[in-house]
2 protein chains.
Amino acid sequence: MYDLMIIGGGPAGMTAAVYAARKKLSTLLISQDLGGQPNVTAGIENYMGYQFIEGPELMEKFEKQVKQFPVDMKIGQGVSNLSQISQGFEVRIGGDETYEAKTAIVATGKRSRLLNVPGEEKLRGKGITYCAVCDGPLFGGMKVAVIGGGNSALEAAIDMVRIADHTYLISLTPLTGDPILIDKLEKANNLMKFLEHEVLEIEGENFVEGIRIRDLKTRQERELDVGGVFVEIGLIPNSEFVKGVVTLNHLGEIEVNCANETSVPGLFAAGDVTSVPEKQIVIAAGEGAKATLQAYSYLQRLSE
Amino acid sequence: MYDLMIIGGGPAGMTAAVYAARKKLSTLLISQDLGGQPNVTAGIENYMGYQFIEGPELMEKFEKQVKQFPVDMKIGQGVSNLSQISQGFEVRIGGDETYEAKTAIVATGKRSRLLNVPGEEKLRGKGITYCAVCDGPLFGGMKVAVIGGGNSALEAAIDMVRIADHTYLISLTPLTGDPILIDKLEKANNLMKFLEHEVLEIEGENFVEGIRIRDLKTRQERELDVGGVFVEIGLIPNSEFVKGVVTLNHLGEIEVNCANETSVPGLFAAGDVTSVPEKQIVIAAGEGAKATLQAYSYLQRLSE
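Remarks on the interface of chain B and chain A
Argument step 1. The interface of chain B with chain A comprises 58 residues on the first partner and 58 residues on the second.
Argument step 2. At the boundary of chain B with chain A, total buried surface from both sides reaches about 5,100 Å², with 51% on carbon and sulfur atoms.
Argument step 3. There are six salt bridges connecting chain B and chain A.
Argument step 4. For B:E155, the salt bridge identified is with A:R301, shortest N-O distance 3.5 Å.
Argument step 5. Inspection of the chain B/chain A interface yields 30 residue pairs in polar contact (both at pLDDT 80 or more).
Argument step 6. Those elements that provide at least two residues to the side of chain B that touches chain A are α1 (11–22), α2 (55–67), α4 (132–135), α5 (151–163), α6 (179–186) and α7 (281–301) of chain B.
Argument step 7. Residue contributions to the side of chain B that touches chain A peak at 14 residues, all from α7(B).
Argument step 8. A per-class count over the side of chain B that touches chain A returns 27 nonpolar, 14 polar and 17 charged.

As structure tokens, then:
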């Protein structure tokens, strides 16, 4: 039985692991991969300490930092189930493989809702991005398309009209975000909206070159010449495996307080899978550190 | 009138500034110095992205990252007063100098309570540390002294008996921390306690070599041969200038929720000055990022 089990190997999970190792907790890290979302992030200018670094390069540094410590790892498979046992928690991987720990940190992140159109898989991280806050500034002076009609799409479009040469906003529905955000966009003279349009394809060989859309009413198709596509149609927390065990909010995020405690004592959560707002590497890393330090205090206070 | 005023130039404040600049907010950063507490931290092994880096070196990187953006700075003087005005906030520096902004982030950190004994000033960062979580692992195999009798001193001592060769725990009073922490220390066979002892002097030329203490009852003095001194006699939040404006907790920390909102709309807080637990660079940086993104959303929603 481990002291601590960390589920998830993105910035939050890896930071949690480094803090756990430095506290000499016996630790198991379980994750599909190491790196998570930053592995598909084009370039990062807002991780403090690096003026510019590619997502995968930064995650390699995180990984090396974890691997200098004796942290047990189980990489390549996700957790299918987590349950409470008398002395802590048990997780199940795949069929019959189980692991136990006195405390657990869930840091499984979110996944972007995909467009599921041709070209998307090939061009992820090559002009298609799922985080305008992260990647927006890299598209200065270009033509870009923002996909979506909710607040995150509107905020992305507001950002991009200031950064890009021209921005297309493409939404399946009328705009559903806050009126004040919609008002702001009205003032932009370098924005063109295509509402009730669907995306059919993202085009390009090695990098995004264009996007093909269709008017849902008239069925008219149109090609837009863009160098960047911002997909902002929502995020899905990877919290399915703890549903019923811990309190989730209406978005499916794990509810935590500022000390990363969930509704279950001994079970902590950190990073994008939680109710803490914003989706940023430095925020997730901070939350991971905080979660481990809280888990450590919890363990210290367990009677022996 | 600025969009955002950031008060404090440590990890939280500088990260807040980078995020503000990337959002193209007109921003003023006001601080005594750039770097804050990490400037007196010996070596850092738990800032993700760097396996080992000196505190001042990391803070230089943060500073360069801020300075690549057009952020106005006012360095060298602290804020003496912050008040609400009709459209936001006004701060006063020194006598008559005032600045205004629509939103503000307070990130002024904490300061360690000092021992105020001879040798302390000379040897800060040279064997004297005020953060056992940060610096403990650097003292492996050495003899060290932990000063204090509360939870943070006990937790430091629990860490150090596992890391150091021998640990002395020196407290002015009987131990006042949690009984379970005190119990844990009872089991250590490489710990010696000097309760109701005061520290008279920290000795050493270029690095800590020893500590001189005195029994409060018998007045007997004693020299202990140590290579490290962990001062854990408490931290003081630098929140005096917002007292009466914003809700503070019983420790004097600014109360924030997980979105870095204080009791005053438009006024945010981040890092060690807040009620968020733990005192770590990566946590403060994450909080600074979060605070700016929240301030940005707040500004977006302000009617124009």
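So that's the structure; there's more coming.
Topic: the pairing of strand β5 (residues 88–93) of chain A
Residues and elements named next belong to chain A.
Argument step 1. The element β5 is largely enclosed, with a buried count of five among its six residues.
Argument step 2. Examined bridge by bridge, strand β4 (residues 79–85) and β5 share six bridges and lie antiparallel to one another. Residue N81 lies in a different strand from β5, and its bridge partner there is R92.
Argument step 3. Here β4 folds back onto β5 in antiparallel fashion, the turn holding two residues.
Argument step 4. With five bridges joining them, β5 and strand β6 (residues 97–106) adopt antiparallel strand pairing. Looking at the pairing, E90 lines up with E100 of β6.
Argument step 5. With antiparallel pairing between neighbouring strands as the criterion, β5 and β6 make up a hairpin whose turn holds three residues, including G94 at a positive phi of roughly 55°.

Observations concerning the sheet that holds strand β14 (residues 221–224) of chain A
Residue and element names in this part refer to chain A.
Argument step 1. In spatial order, the strands read β12-β13-β14; together these three strands make up an open sheet with antiparallel pairing. Since the sheet does not close on itself, it has two edges, and those belong to β12 (197–203) and β14, each with one partner. Sheet twist, expressed as the mean angle between neighbouring strand axes with direction ignored, is 25°.

Let's talk about the sheet that holds strand β9 (residues 143–147) of chain A
Residue and element names in this part refer to chain A.
Argument step 1. Spatially, β8-β15-β9-β10-β11 is the arrangement adopted by the five strands of the open sheet, whose pairing is parallel. The two strands at the open ends of the sheet, each matched to only one other strand, are β8 (128–129) and β11 (191–195).
Argument step 2. Sheet topology places β9 next to strand β15 (residues 228–231); four bridges connect them, and they run parallel. In the sheet register, V144 faces β15, and the bridge partner there is G228.
Argument step 3. Set on the sheet, helix α5 (residues 151–163) makes contact with β9, β10 (166–171), β11 and β15; between it and β9 the angle comes to about 165°.

Notes on the pattern of salt bridges
All names here are of chain B.
Argument step 1. Per the counting criterion, the structure on display carries 36 salt bridges over all chains.
Argument step 2. With a shortest N-O distance of 3.4 Å, K290 and E287 are connected by a salt bridge. Note that K290 and E287 are positioned in helix α7 at a spacing of three residues, about one turn of the helix.
Argument step 3. For K290, a relative accessible area of 2% translates into the label buried.

Description of the nonpolar core
Argument step 1. Grouped together as the largest cluster of nonpolar side chains are 120 residues, with contacts concentrated most on A:Y47, A:L58, B:Y47 and B:L58.
Argument step 2. Those residues in contact with A:Y47 that lie beyond four places of it in its chain are A:L58, A:F62, A:I281, A:V282, B:Y47, B:M48, B:Q65 and B:V282.
Argument step 3. Core analysis: the second largest hydrophobic core is formed by 50 residues, A:V242, B:A101, B:C258 and B:V264 among them.

Conventions used here
Residues numbered from 1 in each chain as written. Chains lettered and ligands numbered in written order. Predicted model: local features only at pLDDT ≥ 70, side-chain atom pairs only at ≥ 80, totals over all residues. Heavy atoms only, no water. Contact = heavy atoms within 4.5 Å. Buried area = accessible area lost by both parts, 1.4 Å probe. Salt bridge = Lys/Arg side-chain N within 4 Å of Asp/Glu carboxyl O. Polar contact = N/O pair within 3.5 Å; in protein donor to acceptor, adjacent residues only side chain to side chain. Helix = DSSP H or I, 4+ residues; strand = E, 2+ residues; numbered from the N terminus. Nonpolar A, V, L, I, M, F, W, Y, C, P; charged D, E, K, R; others polar. Buried < 20%, exposed > 50% of the residue type's maximum accessible area, 1.4 Å probe, protein only. Pairing = 2+ DSSP bridges. Axes fitted to C-alpha atoms, helices over the stretch in contact; angles between N-to-C directions. Core = buried A, V, L, I, M, F, W, Y, C linked by side-chain atoms within 4.5 Å.

In short, shape yes, function no, at least from these values alone.
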